[in-house]
Amino acid sequence: MKQIRTSVFVVLALFAITALAVKVGDQAPDFTGADSHGQTHKLSDYKGKFVVLEWHNNGCPFTKKHYESGNMQRLQKEWTDKGVVWFTVISSAPGAQGYVTADQENEYMQKMHAAPTAALLDPKGEIGHLYGAKTTPHMFIINPQGQLIYNGAIDDKSTSDPADITGAKNYVSEALQEAKAGQPVAVATTRPYGCSVKYAD
Amino acid sequence: MNSGALKTITRTMATLLLTLCGSSSACAQPAKAQHAHLSLISEQTSAASGTAQWMGLRFQLDPGWHIYWSNPGDSGEPPKVAWHLPGGFQAGDLQFPAPHRIADHGLTDYGYEGDVILLSKLTVPAGATSNKGEIGAAEIGADVRYLVCREVCVPGKDHVSLSLATGQNEKLSPRAELIRGAQARLPQPLPSHVYISATVRPEQMLITVSGTTTGMGQIIDFIPSDAQVIENSVRPLIFVDGAVSHIRVKKSEQLDHSPARLRGLLITSTKAYNVDVPVTPAKKTSQNASVPKHS
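What counts and what doesn't
Residues numbered from 1 in each chain as written. Chains lettered and ligands numbered in written order. Predicted model: local features only at pLDDT ≥ 70, side-chain atom pairs only at ≥ 80, totals over all residues. Heavy atoms only, no water. Helix = DSSP H or I, 4+ residues; strand = E, 2+ residues; numbered from the N terminus. Buried < 20%, exposed > 50% of the residue type's maximum accessible area, 1.4 Å probe, protein only. Areas by Shrake-Rupley, 256 points an atom, 1.4 Å probe, with all protein chains shown as cover. Disulfide = S-S within 2.5 Å. Pairing = 2+ DSSP bridges. Axes fitted to C-alpha atoms, helices over the stretch in contact; angles between N-to-C directions. Contact = heavy atoms within 4.5 Å. pLDDT = per-residue confidence, 0-100. 1 Å grid on protein atoms, 1.4 Å probe; cavity = no way out; pocket = protein on both sides within 12 Å on 5 of 7 lines; lining within 4 Å. Points joined across faces, edges and corners; volume = space filled by probe spheres on them. Nonpolar A, V, L, I, M, F, W, Y, C, P; charged D, E, K, R; others polar. Lys, Arg positive; Asp, Glu negative; His and termini not counted. Salt bridge = Lys/Arg side-chain N within 4 Å of Asp/Glu carboxyl O. Polar contact = N/O pair within 3.5 Å; in protein donor to acceptor, adjacent residues only side chain to side chain. Domains from an automatic or database assignment. Buried area = accessible area lost by both parts, 1.4 Å probe.

Details of the overall build of chain B
For chain B, the count of helices and strands is two helices and 19 strands. In chain B, which comprises 295 residues, the share counted as buried stands at 49%. Total accessible area computed for chain B in this model is approximately 14,000 Å², and 52% of it derives from carbon and sulfur atoms.

This is the structure we're talking about:
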């Protein structure tokens, strides 16, 4: 009996946590974040544009798959050229894998030829928890009306092997293409894959 | 050592790794044998013509490090193997023992720590005696890619191999005992006199187990075989009502349609059983639609 009560409590607690995660169709929660150049970005200031959020950890093998192959940078370039706002978000806690100072991130982006609109430094995990970001990478897309239209994986090959990028169906590109053409997003929610986001415990 | 000190050390290692690998492409390629020692073992030292036997891909992991089940859960990736076999030989799909839940920064993964053996059935063709009945050796090789994680994840790549004597005679390997142990840890089919059904409701799924369940052990968990079906971090609620057990699991937030089938492992205090049942909508009038009150 005691065990049942404990389980009920645990389940309720977990329901409460998971309930915070934002769902496709919801208004995307507003946030303010500082980027690696010290500039502040407020999501609601970008109303009228598509916004992509990409959770990042430069030491994670799944992140490396998409950066060392140039896949992520290609996506960033392609979509920012088309007017999409792209935020790389780093929610690793200080001391944890993927945590970077502003200078380290700028050096990394330069070396990797990364081309996001900005890299938001979120060492307290506030933006990460607000969106329920689980993995690196974990991708979110917000439409010009401020609604979440995609939440999930970058593509349909959930491995850390760069050889799997060729032939993978890129969910982010598909969703952006469909949404920009005024069509509904066919695959709007998927299971994100990668490393756990290294939040402060 | 207390857990605080361990955490500090892990963090320091993570930082060190980051410092070493973060800006260097030297760490881009999977490294051999980091935190995991791999070996290939077999039931027999022979590959007798027209026989079949189990091979085991053994991972001996450093303390605290883990690898993943076929459904890794919220993060991670299962090991993959590419076999190199003599002509006519066949290696079956990897068979995974029942995994454990692994908590990972608020996520739940499914995997293994310590010493784990993944099995594959090796089929030896008739005529593997080699031409003219000579005794030779069959070389079995495996290229393995895996992800091994603790606080951080490290991709690993290894080649393991085994040399088996061809001919007519079967010869038991000293490793046969390990293979038998691994076989015993594989999930089993449900006993034929046990009935299982699954119904779906907006937020949850309810698995009902009935029939002659004595001998199965006490049901303690349900682990899904498919990603994106149930919320991994929400432990199932288990209600026992006489000979009938109800297991309530939370549907995945990423599930935008109800699955036709629910596949997974029913974990009991003694064994793991394979479950693969059709999922039907819950009827309001049905008994299954309501979870019994606590007694």
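A few points about the state of the cysteines
Think of a disulfide as a covalent bridge from one cysteine sulfur atom to another cysteine sulfur atom. All names here are of chain B. Applying the stated criterion across every chain yields a total of two disulfides over all chains. The residue that forms a disulfide with Cys149 is Cys153, at a sulfur-sulfur distance of 2.1 Å. With the S-S dihedral at roughly 110 degrees, the linkage between Cys149 and Cys153 falls on the right-handed side.

Here's the deal with the sheet that holds strand S7 (residues 139–142) of chain A
Residue and element names in this part refer to chain A. The mixed open sheet is built from seven strands, whose spatial order is S2-S1-S5-S4-S3-S7-S8. The open sheet is flanked by strand S2 (40–42) and strand S8 (148–152), the only strands paired with a single partner. Each strand axis lies, on average, 30 degrees off the axis of its neighbour in the sheet, ignoring direction. In the sheet, S7 pairs with S8 via four bridges, with the strands oriented antiparallel. By the bridge assignment for S8, Ile141 is matched with Tyr150. Along the sheet face, helix H6 (residues 171–180) touches strand S3 (51–55), S7 and S8 and points at about 10 degrees away from the line of S7.

Concerning the confidence of the model for chain A
Summarising the model, chain A shows a mean pLDDT of 91, and 90% of its residues fall at 70 or more. When the criterion is pLDDT under 50, residues 1–19 of chain A qualifies, and its contacts beyond four places in sequence or with other chains add up to 18 contacts.

Considerations on empty space enclosed by the protein
Within this structure, the stated rule accounts for three cavities of 30 Å³ or more. The volume enclosed by the largest cavity comes to roughly 80 Å³. As for the largest cavity, its lining consists of Lys134, Arg191 and Pro192 of chain A together with Asp74, Gln228, Ile230, Glu231, Asn232, Ser252 and Gln254 of chain B. Its residues placed into classes, the lining of the largest cavity shows two nonpolar, four polar and four charged.

Looking at the side chain of Glu43 of chain B
Residues and elements named next belong to chain B. Along the polypeptide, Glu43 turns up in the loop between strand S1 (36–42) and strand S2 (46–48). One buried charge, Glu43, has no salt-bridge partner; the nearest side chain with opposite charge is Arg180, at 5.5 Å. Among the polar contacts made by the side chain of Glu43, one reaches the main-chain amide nitrogen of Trp54 at a distance of 2.7 Å. Setting aside chain neighbours within four positions, we find Glu43 in contact with Gln53, Trp54, Leu172, Ser173, Ala176 and Ile179.

Notes on the pairing of strand S16 (residues 237–241) of chain B
All names here are of chain B. Of the pairings in the sheet, the one linking S16 to strand S17 (residues 244–250) comprises five bridges and is antiparallel in character. Across the sheet, Ile238 pairs through a bridge with Ile247, a residue of S17. Between S16 and S17, which follow one another and run antiparallel, lie two residues, and Gly242 among them has a positive phi close to 65 degrees.

Looking at the domain arrangement of chain B
All names here are of chain B. For chain B, the assigned domains are domain 1 (3–184) and domain 2 (194–290). Roughly 950 Å² is buried in total at the junction of domain 1 and domain 2, and carbon and sulfur atoms are behind 50% of that figure. For the domain 1 face of the interface with domain 2, the top three residues by lost area are Trp69, Asn71 and Arg101, together amounting to 54%. Connecting domain 1 to domain 2 are one salt bridge. Here Arg101 ties to Asp221 by a salt bridge, and the two come within 2.6 Å at their closest N and O atoms. Our enumeration of links across domain 1 and domain 2 arrives at eight residue pairs in polar contact (both at pLDDT 80 or more).

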